[in-house]
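Chain by chain, the residues:
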Amino acid sequence: MQRVTVWNENRHEQKNPKVREIYPEGIHGAIASFLEEESFEVRTATLDEPEHGLTDDVLNETDVLLWWGHLAHDEVSDTVVKKIHQRVLDGMGLIVLHSGHFSKIFQTLMGTGCDLKWREADEKERLWVVEPSHPIVEGIGENIELEKEEMYGEHFDIPAPDEVVLMSWFEGGEVFRSGCTFKRGSGKIFYFRPGHETYPTYHNKQIQRVISNAVKWAQPTTRNIPIRGNAKPLEDIKPKD
């Protein structure tokens with residue numbers, strides 16, 4: 001069974017009654033709930049737990065980590081970020097959601113500032129599927145329409161993705177690469193844009209389907225670890241005159 005950890009800084013839920021009303025069990029609780037329905041083995045972790053809930057044992061028992069953060073990126077321990085980074089390089093999948101684009105772990109893996117345009121104006125968002133054969137959008141039609149969402153707009157300061165799976169259009173006119181895949185070391189990474197805390201985005205069945213598909217896609221691949229460093233020759237090397 002695929003082992004999933006849903007991480008959320010869990011600060012908006014403590015400060016904003018509107019967020020608590022939409023996500024009474026927290027954003028992490030809402031995501032964990034629909035993933036459990038897909039028969040994943042799910043645990044949650046939050047910022048204020050010891051080691052942010054991401055101890056060595058938790059990370060070593062995690063196949064795919066989902067990350068939602070916004071207010072408190074700077075409060076995330078560099079030591080924990082370093083451990084997550086190594087786990088991704090070793091094969092753990094990582095799904096970065098919405099404002100997690102500014103998280104330390106995403107910036108570290110991208111090697112860029114990951115900045116973008118943004119606006120909160122209750123805008124319609126239409127996420128267009130631009131790679132319809134990709135397993136992340138299996139079961140999704142041509143697009144997903146969200147009645148209200150926060151706008152993110154280009155230019156998104158990330159390295160060129162391996163694949164752009166979803167592209168957003170917003171009512172105000174901007175577009176955004178909203179579903180992007182990357183590989184780092186042996187790990188697979190998916191950035192998925194929707195999910196502003198004051199909108200019920202994670203209750204949308206199509207958004208849930210994309211996230212569930214992404215968890216399956218990001219599953220670590222079972223393979224032999226490549227041998228690196230100084231190596232003995234496979235064949236006899238004949239002396240050269």
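A brief look at the structure comes next. (Residues numbered from 1 in each chain as written. Predicted model: local features only at pLDDT ≥ 70, side-chain atom pairs only at ≥ 80, totals over all residues. Heavy atoms only, no water.)

1. Brief notes about the sheet that holds strand β4 (residues 93-97)
Using the following cut-off: Two strands qualify as a pair provided DSSP detects at least 2 bridges between them. For helices the rule is a DSSP run of H or I covering at least 4 residues; for strands it is a run of E covering at least 2, with both sets numbered from the N terminus onward. For every element, the axis is a line fit to its C-alpha atoms; helices are fit only across the contacting stretch, and the angle between N-to-C directions ranges from 0 to 180 degrees. The criterion used for residue contact is that any of the two residues' heavy atoms lie within 4.5 Å.
A sheet is described by the order of its strands in space; here nine strands give the open sequence β2-β1-β3-β4-β9-β8-β7-β5-β6, paired in mixed fashion. At either end of the open sheet lies a strand with only one pairing partner, and these are β2 (41-46) and β6 (143-153). When strand polarity is set aside, the average angle formed by the axes of neighbouring strands in this sheet is 25°. Bridge count for strand β8 (residues 175-184) against strand β9 (residues 187-192) is six bridges, and the pairing is antiparallel. Looking at β9, one finds that Gly179 is bridged to Phe192. Here helix α3 (residues 26-37) sits on the sheet and contacts β1 (3-8), β2, β3 (64-68) and β4; the angle it forms with β1, its principal contact strand, is near 160°.

2. Quick look at a nonpolar patch on the surface
This is how it is decided: Patches draw on residues past 30% relative accessible area with no salt bridge. Two like charges within 9 Å are joined, as are two nonpolar side chains (Val, Leu, Ile, Met, Phe, Trp, Tyr) within 5 Å. Surface accessibility in these figures is a Shrake-Rupley result with a 1.4 Å probe; residues are shielded only by whichever protein chains are displayed. The working definition used for a salt bridge is a side-chain nitrogen of Lys or Arg within 4 Å of a carboxyl oxygen of Asp or Glu. For every residue, the accessible area (1.4 Å probe, protein chains only) is compared with the maximum for its type, and the residue is labelled buried under 20%, exposed over 50%, or partly exposed between those bounds.
Taken together, the side chains of Trp128, Val130, Trp169 and Val175 make up a nonpolar region of the molecular surface, amounting to roughly 320 Å² of accessible area. With respect to the helices, strands and loops of the structure, Trp169 is situated in strand β7 (residues 163-170). With relative accessibility at 30%, the residue Trp169 sits in the partly exposed group.

3. Quick word on the packing of aromatic side chains
Convention followed: Each aromatic pair joins two rings of Phe, Tyr and Trp (for Trp, the six-membered one) with centres within 6.5 Å, and gets the label stacked for planes under 30 degrees apart, edge-to-face for over 60, and tilted for any other angle. A ring is considered to have a charge above it if a Lys NZ or an Arg CZ atom is located within 6 Å of its centre and within 35 degrees of its normal.
One pass over the structure, following the stated rule, counts eight aromatic pairs. Here Tyr152 and Phe176 contribute two aromatic rings whose centre-to-centre distance is 5.7 Å and whose plane-to-plane angle is 75°, an arrangement assigned as edge-to-face. Of this pair, Tyr152 sits in strand β6 while Phe176 sits in strand β8, placing them 24 residues apart in sequence. Each of the two residues, Tyr152 as well as Phe176, counts as buried. Grouping aromatic residues by their ring pairs yields a cluster made of Phe106, Tyr152, Phe156, Phe176, Phe182 and Tyr191. Here the guanidinium or amino end of Lys188 rests over the ring plane of Trp217, the centre of that ring lying 5.5 Å away.

4. Some remarks on helix α7 (residues 205-217)
Worth spelling out the cut-off: Expected helix span is given by 1.5 Å per residue-to-residue step, counting one fewer step than there are residues. Any pair of nitrogen or oxygen atoms within 3.5 Å is treated as a polar contact; in protein, a donor-acceptor pairing is required on top of that, and neighbouring residues in sequence qualify only through side-chain atoms on both sides.
Between its terminal C-alpha atoms α7 stretches 18 Å, which fits the 18 Å expected from 13 residues at 1.5 Å a residue. N-cap assignment for α7: the residue whose side-chain oxygen lies 2.9 Å from the backbone N of Gln206 is Asn204.

Coordinates in, geometry out; function isn't part of it.
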